[in-house]
Amino acid sequence: MELKYNSKNAWGTLNRDEVEGFSENYKLFISKAKTEREAVTFLQKEAEALGFVNLFNDNNASLSKFYAVNDNKNILLLKEGNSSVEEGINFVFAHLDSPRIDVKQNPLYEGFDLAMFKTHYYGGIKKYQWVTTPLALHGVVIRKDGTKLELEIGEELNDPVFVISDLLPHLARKQMEQNAKELITAEALDPIVGSIPVPDEKEKERFKAYILELLNSKYGIVEEDLLSSELTFLPAGNARDVGFDRSAILAYGHDDRICGYTGARAIFDIQKGQKTSVVLLLDKEEIGSDGKTGAQSDFLEYALERYLAKKGVKKSDREILYKSSAISADVNAAADPLYKDAFEEQNAAIFGRGIVVTKVTGSGGKYGASDASAELVFALRKLLNENKVPWQMAELGKVDVGGGGTVAKFMAMRGIETIDAGPALLSMHAPMEIASKADLYSSYLTYKFFLDQFNF
Ligand code: MN
Ligand code: MN
């Protein structure tokens with residue numbers, strides 16, 4: 001009998017070909033779907049190709065696989081299981097939004113013969129990481145006539161990119177004495193968008209005017225159209241393998257589209273679970289889960305109500321939620337040998353040791369925590385051990401060093417038995433984050449077995 005507990009590195013047990021194959025598909029997704037809108041479009045297409053039908057369309061009540069989209073920013077995927085939905089649902093929740101540099105509604109200005117865009121960063125970033133790195137521009141603009149322009153500039157090799165400048169070291173004596181929080185201010189996160197003037201020397205803002213002319217001739221937009229836009233600057237380029245052994249993936253937005261993708265893949269790949277399976281991918285997690293598309297909205301209840309009505313189920317959505325279980329699928333922090341001080345080794349997530357299960361989230365004194373019961377932890381422990389899925393248990397960092405939350409608490413308060421589980425990242429919230437391929441695949445396996453078999 002094993003008396004001591006130690007988590008094990010996942011590479012020893014996983015099938016490397018399976019890990020590699022899965023990672024290649026993930027890299028296509030994470031390189032292509034960089035905003036919540038793009039991720040929803042990507043996954044909706046896949047769902048449709050696999051026979052999922054729109055939950056909000058009538059006349060498909062006899063079918064068993066549905067999707068529902070909320071404002072292009074949430075997607076819910078539902079697959080019926082062997083037992084009736086009245087027995088409860090197995091959920092996987094994740095979020096599709098990631099930290100980034102959003103464009104302000106009236107962004108364009110010029111100074112010292114440079115045209116710039118004003119921005120307002122989104123989510124918890126270390127601002128100094130976002131300067132002097134190539135940025136792409138993604139998003140939508142609604143023109144005066146109501147037509148929608150979808151923009152993606154900076155991803156093709158021949159595309160231009162955008163970049164936020166930084167002060168040269170020669171003149172940065174004062175800047176270098178600032179603490180990191182003040183080193184780069186929010187108002188100094190404005191990328192360069194041009195530097196050619198219009199020929200007319202009587203024009204007051206010649207560089208701004210040139211960009212407006214260009215935007216008009218190329219995209220048919222005028223400055224007022226930017227008021228009705230959602231544009232964002234994010235790291236340009238594709239995901240890359242890391243290391244001589246290609247064991248990890250460097251990409252923008254692993255947090256939390258790595259869980260969005262593995263969750264969606266899991267529901268696509270199961271045949272028919274014991275219970276009804278639902279994967280719900282949310283927005284606005286990085287800024288508090290508020291608003292119509294965040295986890296605090298009642299899109300879940302609305303979609304469920306529509307489903308129950310379609311199927312003629314008399315039970316209330318509330319009764320069903322109280323019988324349901326969920327994995328709140330979000331990333332954790334992998335212990336970093338360069339920053340040992342931030343981690344308490346015995347309860348830290350280790351890169352490559354499989355999916356990280358977290359009983360308690362929150363920060364110092366468990367403030368703001370969602371706390372999964374010991375009974376729920378046991379049920380997940382049993383499921384993962386029986387199916388030989390590499391997993392580990394961890395808290396995020398040392399107590400009182402910091403902390404963080406997920407959507408778990410917003411799902412738990414609905415009566416759903418909720419536990420956090422996701423892969424651990426290095427450099428979370430940096431422009432490019434690092435994930436282990438072994439942890440990616442372990443997360444997929446976890447969500448798949450959970451949706452397929454979990455019974456609590
Ligand atoms: Mn997250
Ligand atoms: Mn995050």
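As a starting point, this report considers the structure included with it. (Residues numbered from 1 in each chain as written. Chains lettered and ligands numbered in written order. Predicted model: local features only at pLDDT ≥ 70, side-chain atom pairs only at ≥ 80, totals over all residues. Heavy atoms only, no water.)

Things to note about the environment of Ile211
Positionally, Ile211 belongs in helix α4 (residues 206-219). Since its relative accessible area comes to 10%, Ile211 is described here as buried. Sequence-wise, Ile211 and Val198 are 13 residues apart; in three dimensions their C-alpha atoms are separated by 8.9 Å. (Helix = DSSP H or I, 4+ residues; strand = E, 2+ residues; numbered from the N terminus. Buried < 20%, exposed > 50% of the residue type's maximum accessible area, 1.4 Å probe, protein only.)

A short note on the side chain of Asn60
If you trace the backbone, Asn60 turns up in the loop between β1 (53-54) and β2 (65-70). A polar side-chain atom of Asn60 sits 3.2 Å from the main-chain carbonyl oxygen of Asn54. A polar side-chain atom of Asn60 sits 2.4 Å from a polar atom in the side chain of Lys310. When neighbours within four sequence positions are excluded, Asn60 is seen to be in contact with Val53, Asn54, Phe66 and Lys310. (Polar contact = N/O pair within 3.5 Å; in protein donor to acceptor, adjacent residues only side chain to side chain. Contact = heavy atoms within 4.5 Å.)

Observations regarding the packing of helix α1 (residues 16-32) against helix α5 (residues 254-269)
At a minimum axis distance of 11 Å, the contact between α1 and α5 shows a crossing angle of 125°. In terms of orientation, α1 lies oblique with respect to α5. Relative to α5, the crossing made by α1 is right-handed. Facing α1, whose interface residues are Phe22, Asn25, Tyr26, Phe29 and Ile30, α5 presents His254, Arg257, Ile258, Tyr261, Thr262 and Arg265. Split by residue class, the contact of α1 with α5 holds six nonpolar, three polar and two charged. (Axes fitted to C-alpha atoms, helices over the stretch in contact; angles between N-to-C directions. Parallel < 35°, antiparallel > 145°, perpendicular 65-115°, else oblique. Left-handed = near helix turned anticlockwise from the far one by under 90°. Nonpolar A, V, L, I, M, F, W, Y, C, P; charged D, E, K, R; others polar.)

Thoughts on the coordination of the manganese ion (ligand 2)
Coordination of the manganese ion (ligand 2) by the protein involves Asp255 (OD), Glu286 (OE), Glu286 (OE) and His429 (NE2), with metal-donor separations of 2.1 to 2.5 Å. Each donor residue of the manganese ion (ligand 2) lies on one chain, and together they are spaced D-x30-E-x142-H. Metal-to-metal, the separation of the manganese ion (ligand 2) and the manganese ion (ligand 1) is 3.4 Å; Asp255 coordinates the two. A residue pair is termed long-range when its members are at least 10 positions apart, and Asp255 in helix α5 and His429 in the loop between β21 (424-426) and β22 (433-436) qualify at 174 residues. Here Asp255 falls in the buried class, since its relative accessible area comes to 3%. (Donors = N, O, S within 2.8 Å, 3.2 Å for Na, K, Ca; no water.)

Some points on the coordination of the manganese ion (ligand 1)
Within the protein, the atoms that donate to the manganese ion (ligand 1) are His95 (NE2), Asp255 (OD), Asp330 (OD) and Asp330 (OD), at distances of 2.1 to 2.5 Å. Sequence spacing among the residues donating to the manganese ion (ligand 1) works out to H-x159-D-x74-D.

A word on the sheet that holds β21
Here we have five strands laid out as an open sheet, ordered β11-β12-β22-β21-β15, and mixed in their pairing. Edge strands, defined here as strands with exactly one partner in the open sheet, are β11 (240-242) and β15 (332-333). The pairing of β11 with strand β12 (residues 248-251) spans three bridges and is classified as antiparallel. Residue Asp241 lies in a different strand from β12, and its bridge partner there is Ile249. With respect to the sheet, α1 is in contact with β11 and β12, its orientation differing from that of β12 by roughly 5°. Relative to the sheet, α5 contacts β12, β21 and β22, its axis offset from that of β22 by approximately 35°. (Pairing = 2+ DSSP bridges.)

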